[in-house]
Amino acid sequence: MFVMELTYTAPVEAVEEEMDAHLAWLDGYYAAGIFLASGRKVPRDGGVILAGGISRAEVERIAAEDPFTVAGVCAYRITEFLATKTSSDLATVRENPAV
């Protein structure tokens, strides 16, 4: 699983100009079952997306095609982790690494 942390690199007004395209991009990956949760950081200087069921290369490609990235208004920090314990709602993305 991946934590995709994005930080705005432009004023919020520039980010807002890309918001509709960003939301449509999010919707596509929710529909594909890749994105599990997302939202704004507090304070509002970026956002966080939880993604699962994909490789590191795929998550990097996905981040690169975010309209925010394309417009140059954010930068991503991607952290991979093993979701070995989850709520029952996230059981399908739970990982059981070899000991």
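Residues numbered from 1 in each chain as written. Predicted model: local features only at pLDDT ≥ 70, side-chain atom pairs only at ≥ 80, totals over all residues. Heavy atoms only, no water.

Caption draft 1: Up close: the pattern of salt bridges. All told, the structure shown has seven salt bridges when counted by the stated rule. Among the ionic pairs, R44 bridges to E16, the shortest N-O distance being 2.4 Å. Linking R44 in the loop between β2 (35-40) and β3 (46-51) with E16 in helix α1 (residues 12-17), this pair joins segments that are 28 residues apart in sequence. On the basis of relative accessible area, R44 is assigned to the partly exposed category, the value being 28%. (Salt bridge = Lys/Arg side-chain N within 4 Å of Asp/Glu carboxyl O. Helix = DSSP H or I, 4+ residues; strand = E, 2+ residues; numbered from the N terminus. Buried < 20%, exposed > 50% of the residue type's maximum accessible area, 1.4 Å probe, protein only.)

Caption draft 2: Expanded view of the pairing of β2. Of the strand pairs in this sheet, β2 and β3 are connected by five bridges, and their pairing is antiparallel. In the strand pairing of β3, F35 is matched with A51. Linking β2 to β3, which pair antiparallel, is a turn of five residues. (Pairing = 2+ DSSP bridges.)

Caption draft 3: The packing of aromatic side chains, seen in detail. A full pass over the atoms with the stated rule returns five aromatic pairs. Centroid distance W25 to Y29: 5.9 Å. Interplanar angle 65°. Geometry classified as edge-to-face. One end of the pair is W25 and the other is Y29, both in helix α2 (residues 19-31) and four residues apart, which spans about a single turn. Both residues of the pair, W25 and Y29, belong to the buried class. (Phe/Tyr/Trp six-rings, centres within 6.5 Å; stacked < 30°, edge-to-face > 60°.)

Caption draft 4: Focus on the side chain of K41. Inspection of the secondary structure puts K41 in the loop between β2 and β3. A distance of 3.0 Å separates the side chain of K41 from the side chain of E5, its partner in a polar contact. When near neighbours in sequence (up to four residues on either side) are disregarded, K41 contacts E5, L6, T7, G46, G47 and V48. (Polar contact = N/O pair within 3.5 Å; in protein donor to acceptor, adjacent residues only side chain to side chain. Contact = heavy atoms within 4.5 Å.)

Caption draft 5: Looking closely at the sheet that holds β3. If you walk across this open sheet you meet the four strands as β2-β3-β1-β4, and the pairing is antiparallel. What marks the edges here is a single partner per strand, and that holds for β2 and β4 (74-80). Averaged over all adjacent pairs, the angle separating strand axes in this sheet is 15°, with direction ignored. In this structure, strand β1 (residues 2-8) lies alongside β4, joined through seven bridges in antiparallel fashion. Note that in β4 the partner of T7 across the bridge is A75. The sheet strands contacting α2 are β2, β3 and β4, and the helix crosses β2 at an angle near 155°. Sheet contacts for helix α3 (residues 56-65): β1, β2 and β4; angle to β4, the most-contacted strand, approximately 165°. (Axes fitted to C-alpha atoms, helices over the stretch in contact; angles between N-to-C directions.)

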